[in-house]
Every structure is written in C-alpha cells, then in structure tokens.
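# Understanding the architecture of this molecule
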Protein chains: 2
Amino acid sequence: MTAFETLNRHRSIRKYTNQPVGEDLLNRILTAGTRASTTGNMQVYSIVVSKDSVRKAALAPAHFNQPSITNAPVVLTFCADFNRFNKWCRQRNAEPGYDNFLSFVTGAIDALLVAQNVCIAAEDEGLGICYFGTTTYNADKIIETLNLPKGVVPVTTVTLGFSDEKPELTDRLPLQAVVHEETYQDYSPEVIDALYREKEGMPLYQGFVKEHNKETLAQVFTDVRYKKADNEHFSKVLLQVLKNQGFFQD
Amino acid sequence: MTAFETLNRHRSIRKYTNQPVGEDLLNRILTAGTRASTTGNMQVYSIVVSKDSVRKAALAPAHFNQPSITNAPVVLTFCADFNRFNKWCRQRNAEPGYDNFLSFVTGAIDALLVAQNVCIAAEDEGLGICYFGTTTYNADKIIETLNLPKGVVPVTTVTLGFSDEKPELTDRLPLQAVVHEETYQDYSPEVIDALYREKEGMPLYQGFVKEHNKETLAQVFTDVRYKKADNEHFSKVLLQVLKNQGFFQD
C-alpha cells in the first residue's frame, strides 16, 4: 500500500484478535518509528513496550479501564525522555541544561512524531492501532507503573494488534476549517455554523445529544466528555508531574 | 511506495528547487494530514500555510533566519487550536472549559500527529520536508506574524518543496537505546557507553567536536547547540505565551 492509502484508511481499532504481534514485526515497526525527525538528532524519547497481561492490567486504571488496554496484545507508552541524554552528558564531562519546560516540550514533540510513525508503520503491516489521550491525565500513575525515572514523562499511549472489528471511517470537518492561507483567518459566527453543519446533522452525533439529554452536540463535549472541572484537575496533576520529573527547576 | 519505504527513506530537506507545490497536491497532502487520530474527534489544531515571500520573510527571524524558511515554496505552521472549538461551543449554548494546561497539551498532540501525517504524505508524493524546533522558542513572534488569536499556540513548523539536495540517511542510536521491555530499564554507565559508542566514533561528530574546540560530543550539545541559559530563557517565553493565549486561567 502507498503511504497515502495507509493514511487515508486510518481507523482507531479498539477490538483485537488474540493473534500475537511477533518480535520481528514489532521491531520492524519500532525501527520505522525511529526514522521520524528528532530535535538535533538527540532522540529525547523512549518507548515502553508492555505485552505482559499483569503489566497491562496494572496500566488499565490509568486509562480509566478502557477494555482495549488489556485486550490489545501490545501497549506502547511514548515518553519524553531526557534521562538517557542527561546521563550521557554527565558521563562525558558536559553539564546538561534540560531541567526546564522547553525541554519537556522538545521531548514531547520527539515522542509524538515517533508515535505517529509507529502507527503508520503498523497500519501498513495490516495491524490496527488506537491512541489514548488518558496518558496526559494520569501521567503520575503511569510513571509509577512503568518505573519512569526523573527526566521521563509519558505523553501518549498506543495499543497495537490485529483488528477484530471493521469500523467506518470517522468524519472530519471540511479541510478549510483547519487550514488558513498565509495568516490565521478568524471565524465569524456564520463560518462556524457552516463548518459544523454537516457534523451536527449526522445521525451518530444526533444520537449522542439524545442519549445524554443535551440540547446541542457541543454540550456533550463541555458537560459530559471533556468537562472544565476534570480538565482543571488533570492540568494540576500534569504540572505537578512535570515538576516531580525535573522539568521545572528554576 | 509503501508507507514503510517512505518512513525509512526520510531525510530532512533544507534546499528546495523553485518548482512550486500545486494547490491540488497541497490539498491532497493536507487532507491526508487530517486523517490522523485526534482527541475525541475535536480536531483542536490549525495549519497556517504561508507561501507568499513577504510572509515567509516575516517568519524567518522567528526561525533564527535559517535560509530554508524563505527558500521553501511552502511553510506550514502547525498550531494547538481551541479557538474554533470554543467559538462553536459558545454559539451552541455550551460553556467550554479549555482554558488550562491540559487542553494546550491536547491541542499540541493533535497538531503534532497531523504534522507527521502531512510530512509522510508529502514524502510519499516525492516532496522533501524539514521540521523547525524554533517554533516553540519563538512562539510569541510567530503569533504576531500569523495573527494567531487567543486559544491558538504554534507548536511546530514544517517546510515543504521539491528537494534540491540528496543528503545521507541520518544515524540513529541502536533500537534498544529507546525501547524498554515491560517497564523502564534505567541505564548503567556501561550501557550508556555502549549505546553512544558508534555515534561518537562517526567522522561527522568527531568533526563537530574539533570544530567547536570541545572535549566531547556531549559538550557540543550542552555548550553550543542547546544551552541551559537559552533553554531557561525560552521556557519563560513559552510559559508566558501559554498564559497570554489563555491556557493558564485558574
């Protein structure tokens, strides 16, 4: 398959067959992951590969016990990682200056580009993947479960395996909703209406609104799925994690 | 080309021919970008496409005047963007709760997965790409140049065009340097030595050490390329940007 076909066929897969992902296949996928661009070729990221069912069960609560974490043959936790680089610097008579917020962001960018490469490589091999946004919510729990040392912060999680479902392609906003020519063109109320009209009309989303007894689809997001109080709570947790892991030393 | 081949052939391209990137081709690439996974299908990102030479020249200082910014036919600035989503919520009688750090990280993750998809789609079409880490250093300047409103923070920049150079494949650490089985296995001094030995022996890097009059390659990173004082300065700038753009309202 061409890369284009692979990209355009992406679906998140949450149900997997019990066929394991072989060592060679996984290494080939992870190696393709490491070909992603990385800041100054420092490779300030790590990938923790969890296959053991006890380990996956230990990770599950951090992902709000979504069943695909334990059901998937492979759980990959992608981390911003300056620990390895700092250790190398100190062994080479160099004093690392990476205990700051910018360095966390640098490591997170590295980790996410690798993660997306890994996903595309996996899909090209006929595997299914799913991202978990829960990683940044419960980074503290993941750090404990995976023994992540100072300098390491988990940024995203991906499950991997052979698909046992055939979901439809997910809708997207029209391309012009997310693309701006030359500079940012802010949205008038009329433009917002036009961009979201098709999405709001879909039976899937109308069902969401009904199911949750809401007036609008937007309320399903603000009142049910991504609530202010939760976001504020997990913001505090994540900032504390960055402090604990050494990315806020002034 | 298969996705695997595309991933494994990636090189950063910093010199471009003056062949323009056509509208259809660019739209096809950006559309493939939007197929990337996105948190709750909220698509909390935007892509600013700058082709105009005046605009590119205005962006160049934010990227420390690296010549490829003005030389490339297309400069893409990928942003975490809750502005569009917040506007939609408010027009739909829903109160968005996304003025916090977690939401910035969510938007940044969305933006980076799209960015990597765009790069792979572009490379699959025979184009060359290059990432610019400078975006998070000088986000304040980019916000000004691209008129980014509250709720929008630039996260990374990618140049795009037809390559006018044929660089070698860049080295990577051995796969076991970045992959951990089940849990994080911290590095002993001996392991660090073993993992970096090949890299440190390369004529390219030995040249860096000589050129900068340093004892070790690590010192080239800590004393020349990614210095503590710079990282601390740009950390402050970036945190202030997050405040200004509305991601730190307590």
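Structure first, text after, so check above.
These numbers come from a predicted model, not from an experiment. (Residues numbered from 1 in each chain as written. Chains lettered and ligands numbered in written order. Predicted model: local features only at pLDDT ≥ 70, side-chain atom pairs only at ≥ 80, totals over all residues. Heavy atoms only, no water.)

### Considerations on the overall build of chain A
The secondary structure content of chain A amounts to 13 helices and 5 strands. Computed over the C-alpha atoms, the radius of gyration of chain A is 20 Å, within 12% of the 18 Å expected from 2.2 N^0.38 for a compact globule of 250 residues. Along the three orthogonal principal directions, the C-alpha set of chain A runs to about 60 × 45 × 40 Å. Residue burial in chain A is summarised as follows: out of 250 residues, 61% are buried. Looking at chain A alone, contacts between residues at least 24 apart form 78% of all its contacts between residues at least 6 apart. As presented, chain A carries roughly 9900 Å² of accessible surface, and 49% of it is formed by carbon and sulfur atoms. In chain A, which carries 26 positive and 30 negative side-chain charges, the distance between the mean positions of the two groups comes to 6 Å. (Helix = DSSP H or I, 4+ residues; strand = E, 2+ residues; numbered from the N terminus. Rg over C-alpha atoms; globule rule 2.2 N^0.38 Å. Buried < 20%, exposed > 50% of the residue type's maximum accessible area, 1.4 Å probe, protein only. Contact = heavy atoms within 4.5 Å. Areas by Shrake-Rupley, 256 points an atom, 1.4 Å probe, with all protein chains shown as cover. Lys, Arg positive; Asp, Glu negative; His and termini not counted. Charge placed at Lys NZ, Arg CZ, Asp CG, Glu CD.)

### Here's the deal with the interface of chain A and chain B
Contacts between the two partners involve 119 residues from chain A, matched on the other side by 119 residues from chain B. Carbon and sulfur atoms make up 59% of the area that chain A and chain B hide from each other, which totals about 10600 Å². Joining chain A to chain B, the criterion identifies 8 salt bridges. Residue A:Asp99 is joined to B:Lys228 by a salt bridge in which the shortest nitrogen-to-oxygen separation is 3.4 Å. On inspection of chain A and its partner chain B, the count reaches 88 residue pairs in polar contact (both at pLDDT 80 or more). It is helix α6 (residues 101-124) of chain A that contributes the most residues to the side of chain A that touches chain B, 12 residues altogether. Grouping the constituent residues of the side of chain A that touches chain B by class yields 56 nonpolar, 37 polar and 26 charged. Sheet analysis places strand β1 (residues 45-50) of chain A next to strand β5 (residues 179-181) of chain B, joined by 3 bridges and oriented parallel. Bridge assignment links A:Val49 to a residue of β5(B), and that residue is B:Glu181. (Buried area = accessible area lost by both parts, 1.4 Å probe. Salt bridge = Lys/Arg side-chain N within 4 Å of Asp/Glu carboxyl O. Polar contact = N/O pair within 3.5 Å; in protein donor to acceptor, adjacent residues only side chain to side chain. Nonpolar A, V, L, I, M, F, W, Y, C, P; charged D, E, K, R; others polar. Pairing = 2+ DSSP bridges.)

### Focus: helix α2 (residues 23-33) of chain B
The set of residues buried in α2(B) consists of B:Leu25, B:Leu26, B:Ile29, B:Leu30, B:Ala32 and B:Gly33. Buried residues along α2(B) cover an arc of 160 degrees about the axis, so they all sit on one side. (Arc of directions from axis to C-beta.)

### Quick look at the packing of helix α13 (residues 228-244) of chain A against helix α6 (residues 101-124) of chain B
Packing of α13(A) against α6(B) brings their axes to within 7 Å, and their N-to-C directions diverge by 80 degrees. The angle between α13(A) and α6(B) places the two elements in the roughly perpendicular class. Here α13(A) contributes A:Asn231, A:Phe234, A:Ser235, A:Leu238, A:Leu239 and A:Leu242 to the contact with α6(B), which in turn contributes B:Phe101, B:Leu102, B:Ser103 and B:Val105. Here the residues of the contact of α13(A) with α6(B) sort into 7 nonpolar, 3 polar and no charged. (Axes fitted to C-alpha atoms, helices over the stretch in contact; angles between N-to-C directions. Parallel < 35°, antiparallel > 145°, perpendicular 65-115°, else oblique.)

### Details of the sheet that holds β5(B)
In space, the 5 strands of this open sheet follow the order β3(A)-β4(A)-β2(A)-β1(A)-β5(B), with mixed pairing throughout. Edge positions in the sheet fall to β3 (128-132) of chain A together with β5 of chain B, since each has one partner strand and no second. Averaged over all pairs of adjacent strands, the angle between strand axes in this sheet comes to 25 degrees, irrespective of strand direction. Both β3(A) and strand β4 (residues 152-161) of chain A contribute to a ladder of 5 bridges, which runs antiparallel. Within β4(A), the position partnered with A:Phe132 by the bridge is A:Thr157. Across the sheet, helix α2 (residues 23-33) of chain A touches β1, β2 (74-81) and β4 of chain A together with β5 of chain B, and the angle it forms with β1(A) is around 160 degrees.

### What about the relation of the copies chain A and chain B?
You can overlay chain A on chain B at an RMSD of 0.0 Å; the transform is a turn of 180 degrees with a shift of 0.0 Å along its axis. One copy is carried onto the other by what is essentially a two-fold rotation axis. A share of 100% of interface residues in chain A that are also interface residues in chain B marks the association as one of identical surfaces. (Least-squares fit on C-alpha atoms with pLDDT ≥ 70 in both.)

### Points about α6(B)
Residues and elements named next belong to chain B. In this model α6 runs 35 Å from its N-terminal to its C-terminal C-alpha over 24 residues, within 8% of the 34 Å that 1.5 Å per residue would give. Most of α6 is tucked away, with 24 of its 24 residues classed as buried. Remark: glycine 126 follows α6 within two positions and exhibits a positive phi of approximately 85 degrees. (Expected span 1.5 Å × (residues − 1).)

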